[in-house]
Amino acid sequence: MDNLDSLFNKKEYDLVIKLTELSNDPKDLFLRISSYIALGKTDAALDTIEKYQTLIETKFPFQLMKLHFELLLSKQLFDEANLALKHYENLPYISQEVEEFMRDMKQRIIDESHPKGTKTVNLDEIYDVLEISTDQSKISQVIFSLKNYNLNIYIDSLKIFLTREDVHPNFRTYALILLVDNKYDENIKFLSLNGVVEVNPAKLFPPFMSKQFNEVCKLITIKAEQNITLTETALHLFNCFIIDTYPTNIYQDGTEELAKAFIHIAKSYLNIGDSSIDENTKKLANNIKYIIESTPDIKL
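Residues numbered from 1 in each chain as written. Predicted model: local features only at pLDDT ≥ 70, side-chain atom pairs only at ≥ 80, totals over all residues. Heavy atoms only, no water.

Caption draft 1: A look at the pattern of salt bridges. One pass over the structure, following the stated rule, counts 12 salt bridges. Of the charged contacts in the structure, one is a salt bridge between Lys282 and Glu279, with a shortest N-O distance of 3.8 Å. Linking Lys282 with Glu279, this pair stays in helix H15 (residues 279-294), spanning 3 residues, or about one helical turn. (Salt bridge = Lys/Arg side-chain N within 4 Å of Asp/Glu carboxyl O. Helix = DSSP H or I, 4+ residues; strand = E, 2+ residues; numbered from the N terminus.)

Written as structure tokens, this is what we have:
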């Protein structure tokens, strides 16, 4: 009898679906999803992804991402696409290609969910929002639209924004990351967790691109021992902590200690006992938890 690859290539999609009905093999499941798509059964494909997502992405994460987003966007399931994006962003580092794909996908979701929202924002409004507005919804809209404009147009207003005490600290961080992405080569002032500091964005590492970041993500995944909920919670907390503290160097305690600390915090949120933790790790975890919980929620 032909193997599944051969059957799929022969367009025997119904047979592939029947033969993979009880399978837990990632490749079989991926072919099952692809067969549903070929037959135009989008809902069945999405149901299969939802049921077996964690299993399939252990072997085919990038391929699954591409299929998943195309299915969601084809049905205009934009909220679900955003949730999927958060899930994939919290996975351990895969490759630079995947990182770029997710950045592009984030913008694509915005563009397709708000087709009229891609038109330019009035420049005077941008200046006002960056310099004086405290409306978090307007600030969010402007901050995430700035990449569509020439940096020189708004840089003076953005410098004011970077030191404002009356805006959410995460928005200030997002604004700084924008300058880092643009390799803006000039010393600027930034109101950080530790007060106003002077930094040169061109000399800063992007927060989610360093070797230490990838190492901590890898160690968290290992230490979670295949507990997916624990892994996702710890990775989410790690990402939050990075945004809360950037551009402070958070790796002085070592990647091993950081990973242990985030696993411990995640366990505490999930009511999982962790009696084996040492005092140094517990102290680091308490300091991290305090910073995360001290950062207010963004209310749009």
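Caption draft 2: Structural view of the environment of His264. When you line up the elements, His264 lands in helix H14 (residues 255-269). Distance in space between the C-alpha atoms of His264 and Ile220 is 10 Å, their sequence separation being 44 residues. Look past the residues within four positions of His264 in its chain and what remains in contact with it is Asp274, Ile277, Lys282 and Ala285. (Contact = heavy atoms within 4.5 Å.)

Caption draft 3: Representation of the environment of Tyr149 within the structure. Considering the arrangement of structural elements, one finds Tyr149 in the loop between helix H9 (136-143) and helix H10 (151-161). Note: C-alpha distance between Tyr149 and Ile298 (149 residues apart in sequence) is 25 Å.

Caption draft 4: Fine view of the packing of aromatic side chains. In the structure shown here, the tally under the stated rule is 11 aromatic pairs. By way of ring pairs, the aromatic residues Phe208, Phe213, Phe238, Phe241 and Phe262 are connected into one cluster. Between the NZ or CZ atom of Lys66 and the centre of the ring of Phe62, over which it lies, the distance is 4.4 Å. (Phe/Tyr/Trp six-rings, centres within 6.5 Å; stacked < 30°, edge-to-face > 60°. Lys NZ or Arg CZ within 6 Å of the ring centre and 35° of its normal.)

Caption draft 5: Structural view of the pairing of strand E1 (residues 188-192). Within E1, 4 of the 5 residues are buried, which leaves the element mostly enclosed by the surrounding structure. Of the strand pairs in this sheet, E1 and strand E2 (residues 195-199) are connected by 5 bridges, and their pairing is antiparallel. Following the sheet pairing, Ile188 is matched in E2 by Val199. Hairpin geometry of E1 and E2 is characterised by an intervening segment of 2 residues between the two adjacent antiparallel strands. (Buried < 20%, exposed > 50% of the residue type's maximum accessible area, 1.4 Å probe, protein only. Pairing = 2+ DSSP bridges.)

Caption draft 6: Examining the packing of helix H5 (residues 61-74) against helix H6 (residues 78-89) more closely. The geometry of H5 relative to H6 is characterised by a closest axis approach of 9 Å and an angle of 165 degrees between their N-to-C directions. With respect to H6, the element H5 is oriented roughly antiparallel. Classified by chirality, the crossing of H6 by H5 is left-handed. Only Phe78, Glu80, Ala81, Ala84, Leu85 and Tyr88 of H6 make contact with H5, whose side of the interface consists of Leu64, Met65, His68, Phe69, Leu72 and Leu73. Among the residues making up the contact of H5 with H6, the classes are represented as 10 nonpolar, 1 polar and 1 charged. (Axes fitted to C-alpha atoms, helices over the stretch in contact; angles between N-to-C directions. Parallel < 35°, antiparallel > 145°, perpendicular 65-115°, else oblique. Left-handed = near helix turned anticlockwise from the far one by under 90°. Nonpolar A, V, L, I, M, F, W, Y, C, P; charged D, E, K, R; others polar.)

Caption draft 7: Local environment of the side chain of Asp274. Relative to the helices and strands, Asp274 is located in the loop between H14 and H15. A distance of 2.8 Å separates the side chain of Asp274 from the side chain of His264, its partner in a polar contact. In this structure Asp274 touches His264 and Lys267, once residues within four positions along its chain are discounted. (Polar contact = N/O pair within 3.5 Å; in protein donor to acceptor, adjacent residues only side chain to side chain.)

Caption draft 8: Quick peek at the packing of H6 against helix H7 (residues 96-113). H7 packs onto H6 with a crossing angle of 165 degrees between their chain directions and a minimal axis gap of 10 Å. The pairing of H6 with H7 is recorded here as roughly antiparallel in orientation. Our pair here, H6 against H7, has a crossing hand that is left-handed. Together, Phe78, Ala81, Asn82, Leu85, Tyr88 and Glu89 of H6 and Met102, Lys106, Ile109, Glu112 and Ser113 of H7 make up the contact between the two elements. Among the residues forming the contact of H6 with H7, the class breakdown is 6 nonpolar, 2 polar and 3 charged.

Caption draft 9: Seen up close, a nonpolar patch on the surface. On the surface, a cluster of nonpolar side chains totalling about 220 Å² of accessible area is made up of Tyr269, Leu270 and Ile272. Following the sequence through the fold, Tyr269 ends up in helix H14. (Patch = residues over 30% accessible without salt bridge, like charges linked within 9 Å, V, L, I, M, F, W, Y side chains within 5 Å. Areas by Shrake-Rupley, 256 points an atom, 1.4 Å probe, with all protein chains shown as cover.)

Caption draft 10: A look at H7. Over its 18 residues, H7 extends 26 Å from the first C-alpha to the last, a length consistent with the 26 Å expected when each residue adds 1.5 Å. The complete set of buried residues in H7 reads Val98, Glu99, Phe101, Met102, Met105, Gln107 and Ile109. Considering only its buried residues, H7 is in contact with H5 and H6. (Expected span 1.5 Å × (residues − 1).)

Caption draft 11: Geometry of unusual backbone geometry. Cis geometry is adopted by the peptide bond preceding Pro247, which originates at Tyr246 and carries an omega value of 10 degrees. Located in the positive-phi region is Glu225, a residue other than glycine, with phi close to 55 degrees. Tracing the backbone shows Glu225 in the loop between helix H12 (211-223) and helix H13 (228-245). By relative accessible area, which is 66% here, Glu225 ends up exposed. Although it is not a glycine, Asn271 sits at a positive phi angle of roughly 60 degrees. Among the structural elements, Asn271 can be located in the loop between H14 and H15.

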